[in-house]
Amino acid sequence: MTTTAIDKPEKKATATASGEAVIAIKGLSKAFGSNHVLKNINLELRKGENVVVLGRSGTGKSVTIQCIVGLLKPDEGSVKVFGEEVSDMDEKELKDLRIRIGFLFQSGALYDSMTVRENMEFPLTRVLKIKDQAEIDKRVQSVLESVGLADAIEKMPSDLSGGMRKRAGLARTLIVDPEIMLYDEPTTGLDPITSREISELIISIQKKNKTSSIIITHDMECARIASDRVLIMDDGEYVAEGTFDALHQSKDKTVASYFNQS
Amino acid sequence: MADEIIIPGYKRWLESIGDQVGFFFSFFRNLFTGGFEWSEFVRQCYEIGYRSLLLVGITSFIMGVVLILQLRPTMVAFGAASMLPRTLSVSLVREIGPVIVGIICAGKMASSIGAELGSMKVTEQLDAMEVSGANPMQYLVVPRILATTFMVPLLTLLGDAIGLFGGFLSVNIRDSISFKLYFTKVISILDFSDFLPALVKTIFFGFAIGFVGCYKGFHSNKGTESVGIAANSAVVTASLWIFVIDAIAVQITSILFY
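Rules used in this analysis
- Residues numbered from 1 in each chain as written.
- Chains lettered and ligands numbered in written order.
- Predicted model: local features only at pLDDT ≥ 70, side-chain atom pairs only at ≥ 80, totals over all residues.
- Helix = DSSP H or I, 4+ residues; strand = E, 2+ residues; numbered from the N terminus.
- Buried ≥ 20, exposed ≤ 12 C-beta atoms within 10 Å, placed from the backbone.
- Contact = placed C-beta atoms within 7 Å.
- Rg over C-alpha atoms; globule rule 2.2 N^0.38 Å.
- Pairing = 2+ DSSP bridges.
- Axes fitted to C-alpha atoms, helices over the stretch in contact; angles between N-to-C directions.
- Nonpolar A, V, L, I, M, F, W, Y, C, P; charged D, E, K, R; others polar.
- Expected span 1.5 Å × (residues − 1).
- Arc of directions from axis to C-beta.
- pLDDT = per-residue confidence, 0-100.
- Core = buried A, V, L, I, M, F, W, Y, C linked by C-beta atoms within 7 Å.

(A) Representation of the overall build of chain B. When helices and strands are counted, chain B shows nine helices and zero strands. Traced from its N-terminal end to its C-terminal end, chain B shows the element sequence α-α-α-α-α-α-α-α-α. Expressed along its principal axes, the backbone C-alpha trace of chain B runs to roughly 80 × 40 × 35 Å. With 258 residues in all, chain B has 43% of them scored as buried. Put simply, of all contacts in chain B between residues at least 6 apart along the chain, 88% involve residues at least 24 apart.

(B) Region of the structure containing the overall build of chain A. Regarding its fold elements, chain A presents ten helices and ten strands. In terms of C-alpha radius of gyration, chain A reaches 18 Å, essentially the compact-globule figure of 18 Å for 262 residues. Taking the principal axes of the C-alpha coordinates as reference, chain A spans close to 55 × 45 × 40 Å. Per-residue burial over chain A gives 46% buried out of 262 residues. When contacts within chain A are restricted to residue pairs at least 6 apart in sequence, those whose partners lie at least 24 apart make up 68%.

(C) Structural view of the sheet that holds strand β7 (residues 180-184) of chain A. Residues and elements named next belong to chain A. Read across the sheet, six strands follow the order β6-β7-β8-β3-β9-β10 without closing on themselves; strand pairing throughout is mixed. Both outer strands of the open sheet, β6 (101-104) and β10 (237-242), are each paired with one neighbouring strand and no more. On average, each strand axis in the sheet is tilted by 15° relative to the strand beside it, whichever way the strands run. Note that strand β3 (residues 50-55) and strand β8 (residues 212-217) share five bridges and pair parallel. If you follow V52 over to β8, its bridge partner there is I215. Helix α10 (residues 253-260) rests against β3, β9 (229-234) and β10 of the sheet, and its axis sits at about 110° to β9.

(D) Region of interest: unusual backbone geometry. Residues and elements named next belong to chain A. Residue D177 is not a glycine yet carries a positive backbone phi of 55°. Mapped onto the fold, D177 is located in the loop between α6 (162-174) and β7. Phi is positive for K210, close to 55°, though the residue is something other than glycine. When the 10 C-beta atoms within 10 Å are taken as the criterion, K210 is described as exposed.

(E) Geometry of the pairing of strand β1 (residues 21-32) of chain A. All names here are of chain A. The pairing of β1 with strand β2 (residues 35-46) spans eight bridges and is classified as antiparallel. If you follow I23 over to β2, its bridge partner there is L45. Following β1, the chain reverses through two residues before pairing antiparallel with β2; G33 in that reversal takes a positive phi of roughly 65°. Both β1 and strand β4 (residues 76-81) contribute to a ladder of five bridges, which runs antiparallel. Its bridge partner being in β4, I23 is matched across the sheet by V81.

(F) Spotlight on the interface of chain B and chain A. Facing the 15 residues of chain B at the interface are 16 residues of chain A. With five residues, helix α5 (residues 125-131) of chain B is the single largest residue contributor to the side of chain B that touches chain A. Within the side of chain B that touches chain A, the residues separate by chemical class into six nonpolar, four polar and five charged.

(G) Summary view of helix α5 (residues 133-146) of chain A. Residues and elements named next belong to chain A. Taking 1.5 Å of rise per residue, 14 residues should cover 20 Å, and α5 covers 20 Å from first to last C-alpha, within 8% of that figure. Those residues of α5 that fall on the buried side of the exposure criterion are R139, V140, V143 and L144. The buried residues of α5 occupy one face: seen down the axis, they fall within an arc of 120°. Facing away from the buried side of α5 by over 90 degrees, the exposed positions are A134, E135 and K138. Elements that come into contact with the buried residues of α5 comprise α4 (116-127) and α6. Once α5 ends, the next one or two residues include G148, with phi positive near 75°.

(H) Layout of the environment of L240 of chain B. Residues and elements named next belong to chain B. Following the sequence through the fold, L240 ends up in helix α9 (residues 224-257). With 13 C-beta atoms counted inside 10 Å, the residue L240 sits in the partly exposed group. Between the alpha carbons of L240 and A106 there is a distance of 9.4 Å; along the sequence they are 134 residues apart.

(I) Local environment of the confidence of the model for chain A. A residue-level look at chain A finds 92% of positions with pLDDT of 70 or above and a mean pLDDT of 85. The low-confidence segment residues 1-17 of chain A, where pLDDT is below 50, has 38 contacts with residues more than four positions distant or belonging to other chains.

(J) View of the sheet that holds β1 of chain A. Read from one edge of the open sheet, four strands run β2-β1-β4-β5 (chain A), paired in antiparallel fashion. Looking at which strands have only one partner, the edges of the open sheet turn out to be β2 and β5 (84-85) of chain A.

(K) Layout of the pairing of β4 of chain A. All names here are of chain A. In this sheet, β5 lies alongside β4 in antiparallel orientation, the contact comprising two bridges. Its bridge partner lying in β5, V81 is registered against E84. If you look at the hairpin formed by β4 and β5, you'll find two residues sitting between the two strands, and F82 has a positive phi there, around 50°.

(L) Highlighting the environment of V255 of chain A. In this structure, V255 of chain A sits in helix α10. With 155 residues separating them along the chain, V255 of chain A and R100 of chain A place their C-alpha atoms 33 Å apart.

(M) The nonpolar core, seen in detail. Within the largest apolar cluster, 131 residues are counted, with the highest numbers of intra-cluster contacts made by A171, L182 and I232 of chain A together with A208, I209 and A238 of chain B. Element by element, the count of residues in this core is highest for helix α4 (residues 84-122) of chain B, at 15 residues. Once you skip the residues sitting within four places of it in the chain, I209 of chain B turns out to touch C105, A106, M109, A110, T148, V152 and A238 of chain B.

(N) Up close: the confidence of the model for chain B. All names here are of chain B. Averaged over every residue, the pLDDT of chain B is 91; residues scoring 70 or more account for 97%. At the level of individual helices and strands, chain B shows its lowest average pLDDT in helix α1 (residues 9-32), which scores 89, and its highest in helix α6 (residues 136-174), which scores 95. Interface confidence for the predicted complex, given as ipTM, is 0.83, next to a pTM of 0.85.

This is the structure in structure tokens:
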């Protein structure tokens, strides 16, 4: 499966190791009934790095990032974030960890009974327990400006377009200054122009906030713009890894099938 | 290809019971630890309770009118027409009022809570809340269950009063009785043993409605049809619980008071 341009993930992770690993996944397996979604996954995310995970629907990409935040428990293997084993964490440790990780859901997952402002305020008042309204207003204004949604502050999520909802969802995760960002198909369902805007936003966030990111996507343009490193996942395993350009030139049939569609 | 693992029905049922027990204890743990969401509680009291007022009021009024119309021929035949207000009062306050209001609330509140939380689950809002470090149990479940527990008894009291008023108008269709005399008769027959058990059981009705609605919504599957299933299942289960609690309450009341 691998070519000269593509190394096995374990080898590549070691070879490209340049900074501190903020996420280290070893031998991760997860099954739902008889459906083995993840099979012995290994992945390292280095500080300040953007890793894009490509793969067909149902190959276990989203399950991987759900294991990272403790939404799902692995059947086997180890998931360490900031050096701590996620499955060994108690409720409080998990909460503290989650504050340091931003998770952008595919739909944006805005709380639809709240306005955009209330959505932004929610993590500040309920998670960070900030009481000072002036501080809250300042942060809300600042984060909405950074995603270009300052004018939509009083709107309900139902009044927003798909792209605006994604940006609002992104703003809500960014408002607590996470160190790691996990993006679950950030451009799915958006038009090419909005997709590009979101991809560029991801890059600007990484540069500004010095975050490390894992981006799950099918969108090759997003992968091209946002990736430092690309992993290709097929049938619950990583089948190839490399830079976007290296994989683009690959002669491997599976790898080429992703790039030829674009 | 791996063989399909078939989980037997009884095992799934036992798992569901275990989940519900876990959810029950999780509710109490979150009730007594961490901050209480007062603003959300008040909002839910408004959404769940205040917005059910009209439905409960109309139903209770009709109930009072119809009960008198149904009772009257028999009572007249036995020469006991003057007992109509007292008969209505006892039957309404002890049994019919709480059960009917409980069933109406189960239909309105449990379905709305089940559908709302089910929809939040489908659209990943519950997951988003959890991964942000916030506690969905504390923010969503505790205020809703407390709101139904608080509002169902209040709605029942109000329903009883409106039902008795409906009875007064109904009595006056054929007979003539003053408002003062009617309510003197209504109140005089009621004592502590009629009023208190009925009120206590509505507290349990309210808890059951909120609990079932929240549990069904929280544990719905991830698909749009699951929202409908969660709402429907919440109504059916909550209604069933109303009758089960009522049967238990009647037994306990008869042992303690009669």
